[in-house]
Amino acid sequence: MPTFAELTISKPNDLLFGVAPRPLTTRRGMTLGGGLVYPELNFTLPTMFVDATTMPEVRRQYHQIITGALQRAVELEAPGLVVEFETLPPMTENPAWGIELTRILLDGMSDTHAKHGLKSVLRITPNDTREMERPPRMRSGKLYEAMIETFDGCAAAGAELLGIESVGGKEIHDEALMMGDIRGVIFALCVLGVRDMRFLWTEIDKVARRHGVHSAGDTACGFGNTAMVLAEQKMIPRVFAAVVRAVSSVRTLVCYQCGAVGPGKDCGYENPILKAITGFPMAMEGKTSACAHLSPLGNIAAATCDTWSNESVQNIKLLGGMAPTCYVEQLIYDCRLMNQALAEGRDAALLYRKWLVNSDAGLDPQAYILTPENVIAIAQAVVSAATPLESGKAAALTAIRLLGEAQKDGCLKIHARELPWLNRMQQAIEHIPASEAEFIGQMMGEVDTTKFVAADYDL
């Protein structure tokens, strides 16, 4: 498996939307990262119970969603469509339900390809149900076994891209966020999270290889996006959330070390860093994900995307039609604009990327660390370190330095009340020992060890 000791993309101008050094070609001939940005539609049910009695309505809803979305994609002459099916907990706890719904989606996609030639590919994302018991059992038990069964059955049915929003380490990370504890964040992401990712993605990659499909990618959504939402609510500093995002790349990188080949999952705003490291295509979401959550990254997120997603939208009626159909239209138009820029040559694409970046970067620390230059700097810090712990420290210190320099240069707005946090975080990180064993010993004496099963993290 790759170690990624060097950057695949080392020059900022080579970090561009629609183009990845290691593109992925699907069975129907879509080359993700091969010169086009493809829309990636994500959807969910309206508010309703999901159980055996409501499954007939659930089936009808998913059939309606895929039929309407595919029809609009055909009408707008989309070059292709990525469809993401994020299962809901009952659909993962009962694998037969998730597998049946996967087949409904695939049947619609196959029929549309046969009738209209629309290329499409399905990403299946079982939700990580392991956290539904306390403390979570990360490597055994009914919830884990059902999740792996869902992966296996959906891959056998024809889902080509396997993804997940895994939660290993979240038991400690949530409290660390609320306490502004950067040491706890690094312990959760770079020790607990990394160890869980190695275990889980080894198993997911086995499923992918068994069925001739692709383990695509993970996301630190439960970590970095939780921080982003808390920062939007003014519950934690935005500079803290920005540093968390940089550190989260170390955790997510592990899936690619275990065989994942992209596209990285849409809600991983750390994906530009991972694209620079791995060269694999990445999904991103921005302004079109406002249906699911607010963010300060609406335009800059598109600067390096290979598929462009809406996060997740409920199947509800809007004035223009059902919401998934409306959102696939928005995604297609966004992708048309990016693809037109690519078609007009490298200079045009870089100019459009510049506008995407500059419209957001100076207004929020979380956006600023995602400029191509800063992405390369953080990515270089990650690959230059010898261990995940050292990578996390290096990513955090690099992000802190970049934010501080930008504020001094007048390139970035940081609220006065947040400035002390830069020094506070730096001092805390510099006191983390180089030895992982020593750091683990310290943290196991500080965190609430009843919240997680230490043996599931090899502790």
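Residues numbered from 1 in each chain as written. Predicted model: local features only at pLDDT ≥ 70, side-chain atom pairs only at ≥ 80, totals over all residues. Heavy atoms only, no water.

Peer 1: Pulling in residues and values, what's your account of the packing of aromatic side chains?
Peer 2: Applying the stated criterion across every chain yields a total of nine aromatic pairs. Relative to F85, the ring of Y62 has its centre 5.3 Å away and its plane inclined at 65 degrees; by these criteria the two rings are edge-to-face. Here Y62 is found in helix α1 (residues 55-75), whereas its partner F85 is found in strand β4 (residues 81-86), with 23 residues between them in sequence. On the basis of relative accessibility, which here comes to 0%, the residue F85 falls in the buried class. The interplanar angle of 35 degrees and the centroid separation of 5.9 Å between the aromatic rings of Y256 and F280 together place this pair among those described as tilted. With a gap of 24 residues between them, Y256 in helix α8 (residues 238-257) and F280 in the loop between α9 (271-278) and β8 (283-285) connect regions that are remote in the sequence. Counting every residue linked through ring pairs, the aromatic cluster contains F4, Y256 and F280. Sitting over the face of the ring of F280, R22 holds its NZ or CZ atom 5.8 Å from the ring centroid. The ring of W421 is capped by R424, whose NZ or CZ atom sits 4.4 Å from the centre of that ring. (Phe/Tyr/Trp six-rings, centres within 6.5 Å; stacked < 30°, edge-to-face > 60°. Helix = DSSP H or I, 4+ residues; strand = E, 2+ residues; numbered from the N terminus. Buried < 20%, exposed > 50% of the residue type's maximum accessible area, 1.4 Å probe, protein only. Lys NZ or Arg CZ within 6 Å of the ring centre and 35° of its normal.)

Peer 1: Tell me about the pattern of salt bridges, and please be specific about residues and values.
Peer 2: Following the criterion strictly, the structure yields 27 salt bridges and no others. R210 is the salt-bridge partner of D152, the closest N and O atoms lying 2.7 Å from each other. Note that D152 is positioned in helix α4 (residues 142-157) and R210 in helix α6 (residues 182-211), a separation of 58 residues in sequence. Residue class for D152 comes out partly exposed when judged on its relative accessible area of 23%. Here D205 and R209 are joined by a salt bridge, their closest N and O atoms 2.6 Å apart. Separated by four residues within a single helix, D205 and R209 lie in helix α6, roughly one turn from each other. According to the relative accessible area criterion, D205 is buried, its value standing at 5%. Note on R209: relative accessible area 56%, which makes it exposed. When salt bridges with common partners are traced through the structure, they connect E84, E86, E165, K265 and D266 into a single cluster. (Salt bridge = Lys/Arg side-chain N within 4 Å of Asp/Glu carboxyl O.)

Peer 1: Help me get a handle on helix α7 (residues 221-232), residues and values and all.
Peer 2: Among the twelve residues of α7, nine are classified as buried, and the element is accordingly described as predominantly covered. Buried within α7 we find C221, G222, F223, G224, N225, A227, M228, L230 and A231. Buried residues belonging to α7 abut α5 (170-179), α6, α8, β8 and α12 (365-368). Following α7 by one or two positions, K234 adopts a phi angle in the positive range, close to 60 degrees. (Contact = heavy atoms within 4.5 Å.)

Purely spatial values, then, with no claim about function.
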